[in-house]
Amino acid sequence: MSRELDQTIFVAGHQGMVGSAIVRRLQKLGYCSILSAGRNELDLLDPHAVHAYFSENRIDQVYLAAAKVGGIHANNTFPADFIYDNLMIEANVIHAAHHSNVQRLLFLGSSCIYPKHAIQPMKEEALLTGPLEPTNEPYAIAKIAGIKLCESYNRQHSRDYRSVMPTNLYGPYDNYHPQNSHVIPALLRRFHEAVQAEQAEVVIWGSGNPMREFLHVDDMAAASVHVMELDTDTYQAKTQPMLSHINVGTGQDCTIRELAETIAKITGFKGRLAFDASKPDGAPRKLMDVSRLRALGWQSTIGLEQGLGDAYHWFVEHRLEARD
């Protein structure tokens, strides 16, 4: 492990759920020079602005956690926005990092990079072996491009740009928008409001049968820093130049029905659960094979019920700000 606490680290996307968790993790470990820039300070879609920022700051490492994200509804409604914005963000940051001689960068992707019917659990080798899930294909294509950008700069310019692919994330600073959020924040908000309104029923999109894996964002941050701190020889020994990304997850999944039942328990909802099968389910199952990450010395520590309780506590404390 290589931990140089005096290095200057730029966390792109520090105001988001993942970026803010990475900042907290770095601060906890004692890193003392962490750079960040909000959207009003730096437009990551503007290549000139991004290059200027890198030129003006001496940056040693980059965590590329900035992205346009959303659930099934958002991905279906704004596919052009999702592919364009994410391609531009990652291309601008990675290219500017290279031109400013930043040797180490970590790109954060998503488990949606894998084919819809990939063999479960999904190994890193499943990448580009079949059609993607149509509901989030544009986002997935952008994230695949990010992996290949990193690998290409490594091959052509001898950079050390790494990629981690998290499973479904949740936790503090998640997006609780009523239409554009992912499944856990959407359900936490829906069940909370049902309890407040004393509703007899909560409707959940889909059949409830798909299986999903969920990782608390603090675990994701810990894994990200762990991968970034690995010495080059250790990292390269467990990866390949053109298959270098690393899955990050718990290695365990549950059905959406089981998830809803757990959230009902946490929020104190006592009514009925109704599943609207007319809404899209997405992929039937998404479980990560995390053996590569475990071989590199890391595994998750936050259980689902514990993590959901933490996320719900944050939501209750911040619900006025979270209501869009």
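Description of the structure in this document. (Residues numbered from 1 in each chain as written. Predicted model: local features only at pLDDT ≥ 70, side-chain atom pairs only at ≥ 80, totals over all residues. Heavy atoms only, no water.)

### Notes on the overall build of the protein chain
Looking only at helices and strands, the protein chain features 11 helices and 13 strands. On C-alpha atoms alone, the protein chain measures out to a radius of gyration of 19 Å, which is about the 20 Å that the 2.2 N^0.38 rule sets for 324 residues. The dimensions of the protein chain, computed from C-alpha atoms along their principal axes, are 60 × 40 × 35 Å. Burial analysis of the protein chain (324 residues in total) assigns 51% to the buried set. Excluding contacts between residues fewer than 6 apart, the proportion of contacts in the protein chain whose partners are at least 24 apart in sequence is 83%. (Helix = DSSP H or I, 4+ residues; strand = E, 2+ residues; numbered from the N terminus. Rg over C-alpha atoms; globule rule 2.2 N^0.38 Å. Buried < 20%, exposed > 50% of the residue type's maximum accessible area, 1.4 Å probe, protein only. Contact = heavy atoms within 4.5 Å.)

### Notes on the pairing of strand β5 (residues 160-166)
Here β5 lies mainly inside the structure; 7 of its 7 residues are buried. The alternating pattern of β5 places Asp160, Arg162, Val164 and Pro166 on one face and Tyr161, Ser163 and Met165 on the opposite face, and all of these are buried. As paired strands, strand β4 (residues 104-108) and β5 are joined by 5 bridges and run parallel to one another. Opposite leucine 106, over in β5, you have arginine 162 as the bridge partner. (Pairing = 2+ DSSP bridges.)

### Points about unusual backbone geometry
Looking along the chain, the bond that leaves glutamine 120 and enters proline 121 is cis, with omega of -10°. Here serine 158, not a glycine, exhibits a phi torsion of approximately 60°, which is positive. Mapped onto the elements, serine 158 comes out in the loop between α5 (137-157) and β5. Despite not being glycine, tyrosine 173 has its phi angle at roughly 70°, a positive value.

### Here we look at the side chain of arginine 292
Residue placement: arginine 292 occurs in helix α10 (residues 291-295). Polar side-chain contacts of arginine 292 include one of 3.1 Å to the backbone oxygen of leucine 243. Setting aside chain neighbours within four positions, we find arginine 292 in contact with Glu124, Glu125, Lys238, Thr239, Leu243, Ser244, His245 and Ile246. (Polar contact = N/O pair within 3.5 Å; in protein donor to acceptor, adjacent residues only side chain to side chain.)

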